[in-house]
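Topology and contacts: notes
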Amino acid sequence: MFADSNVNARGAGLPLVALRALAMQASIVERIRTMKNVIRSRSAPWIVSLVLAANGASCDEPTTTKGPKMVEEQPGQSQPETEMATFGAGCFWCVEAVFLELDGMVDDGIEQPTVARASGSADSLITWDSIGRRGKDFIVTGPTREQLSRFWGREAMRPLRVYVGLGCEDTAEERAQLALEELKRAGGFDRSVLVVATPTGTGWLDPGGVDTIEYIHAGDTAIVSMQYSYLPSWITIVVEPDGSREAARLLFDEVYAHWRTLPADSRPKLYLHGLSLGALGSETCADLFTLFENPIQGGVWSGPPFPSTEWATVTKGRNPDSPAWLPTFRDGSMVRFTALENALDQGGDRWGPMRFVYIQHASDPMTFFSPDLLLESPDWLAGERGPDVS
């Protein structure tokens, strides 16, 4: 399925069927893209219903046992208009309004932070109510200073997390500027490691990615992210395919412009990170023409979807003795791939000053889908196959 972190056997083949249907309905997709508001399009509910049915109503992030609660409607605040569509034998789907409502929910146990440096606190430049559901989860959850101290057996630091939601400002440019100012206010540029992370379509950041780096560096980290959608990635990629790219680039440009003014021997190490649709957006920031004079340290991109341009270029230019599902690229000093089992050592002994890693599963249909599958056998079926491909 188009899960942004995993592929399970039950849903693994279904998104491919849905995407083939979408590819054959090019005129419908084009109409959806031109619509300002998804819910007012009469073709959008049909498309979304098809994908939802194929995916078993899967979402960008694993389901949680914690029950969300609704944020009370403010006086004078109107609810968005909705349209319903009938699909198959009477299934009804409410499209954009459903995901907008989910974005306004707050999971149990998630409360406004009281620490002054935290985003959404009373001292923050970002108001708590302007942050969506997944942004609130990201800010509040994660390892605490006490947990990190116990893990390391010494005093650790409280990790910094900055998150700007869709409701924080009117435009993506303004949200990116706000993220930079909040990052500066919180002291993010004083940390040893700074990560510019692009979330999935719903605004979710995988704890397996962000928590891990905080444990590795004993909390001496800052992670900044910016929401660009509240729709699941597999809808966003059809309706607004450039949304993640624009948001990732705007945020990175703001952070990078300030970072490069700092003394090279004291500024934090700067990394990129993205998962699923976030990987598609984040990889566009690794522009060598921009980074040549002041290179960053690298990036980790997990589960890049098939329209990812940089991923596709590297995969196509892979060394001829490496498979499409686990490429090696040139001498492996800048870009490496890994999969279910760690394969980073296949790139050789030399790592360069910038290190980029793609993590992908050979059985992930959203990574290896292509319209050409309708006409020819793909490269990832030739020769040695991935351990999770029959």
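Computed from a predicted model, the values in this text were never measured in an experiment. (Residues numbered from 1 in each chain as written. Predicted model: local features only at pLDDT ≥ 70, side-chain atom pairs only at ≥ 80, totals over all residues. Heavy atoms only, no water.)

Bringing the overall build of the protein chain into the picture now. Helix and strand counts for the protein chain come out as 14 helices and eleven strands. Evaluated residue by residue, the protein chain yields a buried proportion of 51% over its 390 residues. Expressed as a percentage of contacts within the protein chain between residues at least 6 apart in sequence, the contacts between residues at least 24 apart total 71%. (Helix = DSSP H or I, 4+ residues; strand = E, 2+ residues; numbered from the N terminus. Buried < 20%, exposed > 50% of the residue type's maximum accessible area, 1.4 Å probe, protein only. Contact = heavy atoms within 4.5 Å.)

Taken in spatial order, the seven strands make up an open sheet running 5-7-6-8-9-11-10, and their pairing is parallel. A strand with exactly one partner marks an edge of an open sheet, and here the two such strands are strand 5 (160-164) and strand 10 (335-338). The mean angle between the axes of side-by-side strands here comes to 15 degrees, regardless of whether they run parallel or antiparallel. In this sheet, strand 11 (residues 355-359) lies alongside strand 10 in parallel orientation, the contact comprising four bridges. From the neighbouring strand, Phe-337 faces strand 11, where its bridge partner is Tyr-358. (Pairing = 2+ DSSP bridges. Axes fitted to C-alpha atoms, helices over the stretch in contact; angles between N-to-C directions.)

Glancing now at the pattern of salt bridges. This structure, assessed with the given rule, holds 13 salt bridges. Between Asp-107 and Arg-134 there is a salt bridge; the shortest N-O distance is 3.5 Å. Highlighted residues: Asp-107 in strand 4 (residues 106-107) and Arg-134 in helix 5 (residues 133-140), separated in sequence by 27 residues. Each member of the pair Asp-107 and Arg-134 is classed as buried. (Salt bridge = Lys/Arg side-chain N within 4 Å of Asp/Glu carboxyl O.)

Next up on the list: a negative patch on the surface. There is a patch of like negative charges on the surface, built from Glu-169, Asp-170, Glu-173, Glu-174, Glu-240 and Glu-246. Summarising the element assignment, Glu-240 is placed in the loop between helix 9 (233-239) and helix 10 (243-259). (Patch = residues over 30% accessible without salt bridge, like charges linked within 9 Å, V, L, I, M, F, W, Y side chains within 5 Å. Areas by Shrake-Rupley, 256 points an atom, 1.4 Å probe, with all protein chains shown as cover. Lys, Arg positive; Asp, Glu negative; His and termini not counted. Charge placed at Lys NZ, Arg CZ, Asp CG, Glu CD.)

We now examine the environment of Ala-118. Along the chain, the position of Ala-118 falls in the loop between strand 4 and helix 5. Along the primary structure Ala-118 and Ala-186 are separated by 68 residues, whereas in three dimensions their C-alpha atoms are 7.1 Å apart. Setting aside chain neighbours within four positions, we find Ala-118 in contact with Pro-113, Ser-124, Arg-158, Glu-182 and Arg-185.

Residues Val-224, Phe-252, Val-255, Leu-270, Leu-272 and Ile-296 are the most contacted members of the largest nonpolar core, which totals 66 residues. The greatest single-element share of this core, amounting to seven residues, is contributed by helix 10. Residues within four places of Phe-252 in sequence aside, it is in contact with Val-196, Leu-270, Leu-272, Cys-285, Leu-291 and Ile-296. Formed by six residues, the second largest nonpolar core is a distinct cluster that contains Phe-99, Trp-234, Ile-235 and Val-239. (Core = buried A, V, L, I, M, F, W, Y, C linked by side-chain atoms within 4.5 Å.)

With that out of the way, let us pick up the confidence of the model for the protein chain. For the protein chain, mean pLDDT is 82; residues scoring 70 or higher make up 76% of the total. Here residues 1-59 is a poorly scored stretch, pLDDT under 50, and it has 98 contacts once near neighbours within four places are set aside; other chains count. (pLDDT = per-residue confidence, 0-100.)

Under the 1.5 Å per step criterion, the end-to-end length of helix 7 (residues 172-186) is 21 Å for 15 residues, consistent within 8% with the ideal 21 Å. Three or more residues of helix 7 are buried, namely Ala-172, Arg-175, Ala-176, Leu-178, Ala-179, Leu-180, Glu-182, Leu-183 and Ala-186. Where helix 7 is buried, its residues contact strand 5, strand 6 (193-198), strand 7 (221-226) and helix 10. One or two residues past the end of helix 7 sits Gly-187, with phi positive at roughly 90 degrees. (Expected span 1.5 Å × (residues − 1).)

Remark: a regular strand shows side chains that alternate across the two faces of the sheet. Of all six residues in strand 7, six are buried; the element is thus mostly enclosed. Neither face of strand 7 is exposed, since Thr-221, Ile-223 and Ser-225 on one face and Ala-222, Val-224 and Met-226 on the opposite face are all buried. Relative to strand 7, strand 5 runs parallel, the two sharing five bridges. Within the sheet, the bridge partner assigned to Leu-160 lies in strand 7 and is Ala-222. Looking at chain direction, strand 6 and strand 7 are connected through five bridges and run parallel. Among the inter-strand pairings, Leu-194 is bridged to a residue of strand 7, identified as Ala-222.

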